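Inside the fold
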Amino acid sequence: DIEPGDYRPAYHYSPPQNWTNDPNGLVYLDGEYHLFYQYNPQGDTWGHMSWAHAVSPDLITWEELPLALAEYPNADSTETMIFSGSVVVDSLNTSGFFEPGFKKGMVAIYTSHVHKDGEGTDQHQSLAYSADKGRTWKYYDKNPVLDLGMKDFRDPSVFRYQGKWKMVVAKPKEYTVLIYESDNLKEWKRLSEFGKMGDMAKIWECPSLFEVPVEGSDTTRWVMMISSAAKDTDFTGMQYFVGNFDGKRFKADKQRGVRRVDYGKDFYAAIPYNNLPADQAKPIILGWASNWAYADKTPTSGYRGMFSLPRQLSLKLDSSGVYHLIQQPIVRKGISTKTLTMKAPDLKAGVILKMDGNSYHLNLTIELAEAENFRVKLFSNEKEASILAYDIATNQLTFDRTKSGNIAFHKKFPSVEIMKVPPVNGELKLDIYVDNSIVEIFANNGVAVLTDLVYPTKKKGEAIIGVN
Ligand code: FRU
């Protein structure tokens with residue numbers, strides 16, 4: 001039987017201990033990819049929010065560094081927690097925080113969440129800076145730098161564009177993203193706002209705006225991503241808009257319906273890397289792999305929360321003139337991989353793959369001519385399985401975790417996810433990344449993606465593919 005310790009992923013990042021949620025301050029500098037993240041230094045549920053820190057040379061192996069930004073008490077008996085935000089490299093020392101000519105200063109722009117005895121009173125944007133590549137930080141002594149006197153105003157994402165700093169930041173309850181500009185990161189001028197469209201069922205958090213290359217062309221479009229959630233509701237997810245940003249205003253293309261970044265329940269608060277090397281044109285995002293609906297109940301022990309695989313992004317223009325987000329995972333080489341092409345008779349006969357453990361990659365190409373509906377059963381044993389199923393007539397791919405193992409820790413956990421994946425040239429391609437307690441499915445080379453947590457109760461790496 002599985003021990004809670006067996007749920008720790010092998011090729012996804014999870015904190016050594018304690019609670020984590022959103023990735024923060026994703027930034028590249030001098031051969032290091034930094035991952036800061038929402039972290040509770042004192043326990044494995046949400047609280048005392050601070051920024052933890054890890055670095056990686058390749059987005060694959062991570063080294064844990066000491067806590068970067070800790071919560072602090074204020075003179076008036078309130079306290080400030082360090083909520084989500086971003087980090088930029090201030091190579092021109094526009095902020096004046098560094099020695100003249102120093103090119104490697106980091107500035108963190110975070111939400112200063114003020115609370116009294118746990119009751120939030122204010123959210124504003126504040127700065128911290130580091131002259132040693134994120135190892136030690138100082139808070140700016142004139143914080144906050146952007147304050148609208150609001151209780152909900154958060155998650156600044158700052159980037160460099162046309163010789164200025166730009167910020168997108170959310171007014172969660174108004175389904176609005178404000179866009180600001182600055183020369184020095186300290187004074188912010190409001191440029192425009194975007195919102196009140198797409199999915200407004202929940203609050204808007206963690207906005208980001210970035211330029212994405214269009215495949216097969218030398219053009220780019222801008223993508224606005226938003227995370228939508230509220231505790232006590234059963235859906236958390238990310239939506240995106242494709243459009244144009246002229247330096248002041250983001251204008252979304254006309255779109256039909258809501259566009260999901262990920263169709264699973266466990267992909268949230270993703271933001272892009274800042275300051276990527278010039279030869280990396282594709283933005284890279286990573287997300288928190290959990291859901292506010294049950295995040296503090298997941299049955300891991302000692303730590304809680306983990307991140308998705310980093311994903312490289314591009315856009316693809318379809319024949320009807322619509323841009324689609326394409327996501328390609330960045331994965332460790334050498335993880336156990338099974339590559340299989342199956343046709344109708346192979347599906348009918350079925351195949352049982354004895355996997356070496358519960359951490360692997362399945363690379364399936366299904367030739368659909370004359371095929372019947374089929375299923376891929378993961379973590380399969382007499383009693384349970386996480387079931388991916390494809391319906392030929394509707395092109396629907398479903399992922400069912402209602403019998404995936406331990407589902408009882410929260411009533412909202414058992415769920416069935418659905419995404420539409422039309423075949424390409426008569427084929428369906430599935431890249432299924434299984435890693436002890438997470439399944440990330442990239443369909444047709446990343447046109448549609450689904451991320452779900454699962455908690456099987458048996459140590460058995462069996463995957464069964466077939467019509468039954
Ligand atoms: C998103 C979020 C952010 C906030 C942070 C607090 O998951 O709610 O809006 O900054 O988590 O931990």
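Rules used in this analysis
Residues numbered from 1 in each chain as written. Predicted model: local features only at pLDDT ≥ 70, side-chain atom pairs only at ≥ 80, totals over all residues. Heavy atoms only, no water. UniProt positions renumbered as here; feature names shortened; annotations may be inferred. Helix = DSSP H or I, 4+ residues; strand = E, 2+ residues; numbered from the N terminus. Rg over C-alpha atoms; globule rule 2.2 N^0.38 Å. Contact = heavy atoms within 4.5 Å. Areas by Shrake-Rupley, 256 points an atom, 1.4 Å probe, with all protein chains shown as cover. Lys, Arg positive; Asp, Glu negative; His and termini not counted. Charge placed at Lys NZ, Arg CZ, Asp CG, Glu CD. Pairing = 2+ DSSP bridges. Axes fitted to C-alpha atoms, helices over the stretch in contact; angles between N-to-C directions. Near = heavy atom within 4 Å. Nonpolar A, V, L, I, M, F, W, Y, C, P; charged D, E, K, R; others polar. Polar contact = N/O pair within 3.5 Å; in protein donor to acceptor, adjacent residues only side chain to side chain. Buried < 20%, exposed > 50% of the residue type's maximum accessible area, 1.4 Å probe, protein only. Salt bridge = Lys/Arg side-chain N within 4 Å of Asp/Glu carboxyl O. Core = buried A, V, L, I, M, F, W, Y, C linked by side-chain atoms within 4.5 Å. Phe/Tyr/Trp six-rings, centres within 6.5 Å; stacked < 30°, edge-to-face > 60°.

Per an unreviewed UniProt entry, the chain carries the name Levanase and comes from Persicitalea jodogahamensis. Here is the UniProt Sequence similarities (unreviewed entry) comment for the chain, exactly as written: "Belongs to the glycosyl hydrolase 32 family."

As a further point, take the overall build of the chain. Helices and strands together make up the secondary structure of the chain, namely 1 helix and 33 strands. At 22 Å, the chain has a C-alpha radius of gyration in line with the 23 Å of a compact globule built from 468 residues. Along the first, second and third principal axes, the C-alpha set of the chain runs to 70 × 50 × 40 Å. For the chain, the share of sequence-separated contacts (at least 6 apart) that also reach a separation of at least 24 residues comes to 57%. For the chain, the accessible area works out to roughly 18700 Å², and carbon and sulfur atoms hold 49% of it. Distance between charge centres in the chain, computed from 53 positive and 58 negative side chains, equals 3 Å.

Let us look at the sheet that holds strand β18 (residues 268-272). In space, the 4 strands of this open sheet follow the order β18-β19-β21-β22, with antiparallel pairing throughout. The open sheet has two edge strands, β18 and β22 (323-329), and neither has a second partner. Averaged over all neighbouring strand pairs, the angle between strand axes comes to 40°, with direction disregarded. Bridge analysis of strand β19 (residues 284-288) against strand β21 (residues 311-317) gives 2 bridges, and the strand direction is antiparallel. Within β21, the position partnered with I284 by the bridge is Q312.

The positions UniProt marks with the feature "domain: Glycosyl hydrolase family 32 C-terminal" (unreviewed entry) are residues 348-460. Secondary structure within residues 348-460 divides into 2% helix and 49% strand; the distance between the first and last C-alpha atoms comes to 24 Å.

The subject of this paragraph is the site of the ligand. In the vicinity of the ligand, the contacting residues are N21, D22, Q38, W46, F83, S84, R154, D155, E205, C206, Y268 and W292. Isolated, the ligand exposes 320 Å² of accessible area, and the fraction of that covered by the protein chains is 95%. Sorting the residues of the shell around the ligand by element identifies β1 (18-29), β6 (79-89), β10 (154-161) and β14 (203-213) as the ones contributing at least two each. Its residues assigned to classes, the shell around the ligand shows 5 nonpolar, 3 polar and 4 charged.

We now examine the side chain of N436. On the secondary structure map, N436 appears in the loop between β30 (427-435) and β31 (438-443). For N436, the side chain forms a polar contact with the main-chain oxygen of R8, separated by 2.9 Å. With near-sequence residues (within four places) excluded, N436 lies in contact with D6, Y7, R8, P9, A10, N358, S359, F379, V454 and P456.

For strand β11 (residues 164-171), the buried fraction is high: 7 of the 8 residues fall into the buried class. Bridging between β10 and β11 involves 6 bridges; their strand directions are antiparallel. Bridge assignment links R160 to a residue of β11, and that residue is W165. Connecting the antiparallel pair β10 and β11 is a turn made up of 2 residues, with Q162 showing a positive phi of about 50°. As paired strands, β11 and strand β12 (residues 176-182) are joined by 7 bridges and run antiparallel to one another. Within the sheet, the bridge partner assigned to K171 lies in β12 and is T176.

Taken as a whole, this structure holds 26 salt bridges when the rule is applied. A salt bridge links D152 to K173; its shortest N-O distance comes to 3.1 Å. Pair noted here: D152 is in the loop between β9 (138-139) and β10 and K173 is in the loop between β11 and β12, with a separation of 21 residues, a long-range link. A salt bridge links R190 to E193; its shortest N-O distance comes to 2.7 Å. R190 sits in the partly exposed class, given a relative accessible area of 42%. Under the relative-accessibility criterion, E193 is labelled partly exposed at 38%.

If you trace the backbone, W19 turns up in strand β1. When its relative accessible area of 1% is taken as the criterion, W19 is described as buried. For W19 and G446, which are 427 residues apart along the polypeptide, the C-alpha to C-alpha distance reads 29 Å.

Let's shift gears to the nonpolar core. Of all hydrophobic cores here, the largest spans 35 residues; its most connected members are L362, L378 and I432. With sequence-adjacent residues up to four places away left out, L362 is seen in contact with K338, L353, M355, V376, L378, L430, D431, I432 and A463.

Attention now goes to the packing of aromatic side chains. This structure, assessed with the given rule, holds 38 aromatic pairs. Judged by centre distance (5.7 Å) and plane angle (35°), the rings of Y161 and F245 are tilted. With Y161 in strand β10 and F245 in strand β16 (residues 237-245), this pair connects stretches of sequence that are 84 residues apart. Residue classification places F245 among the buried positions, given a relative accessible area of 2%.

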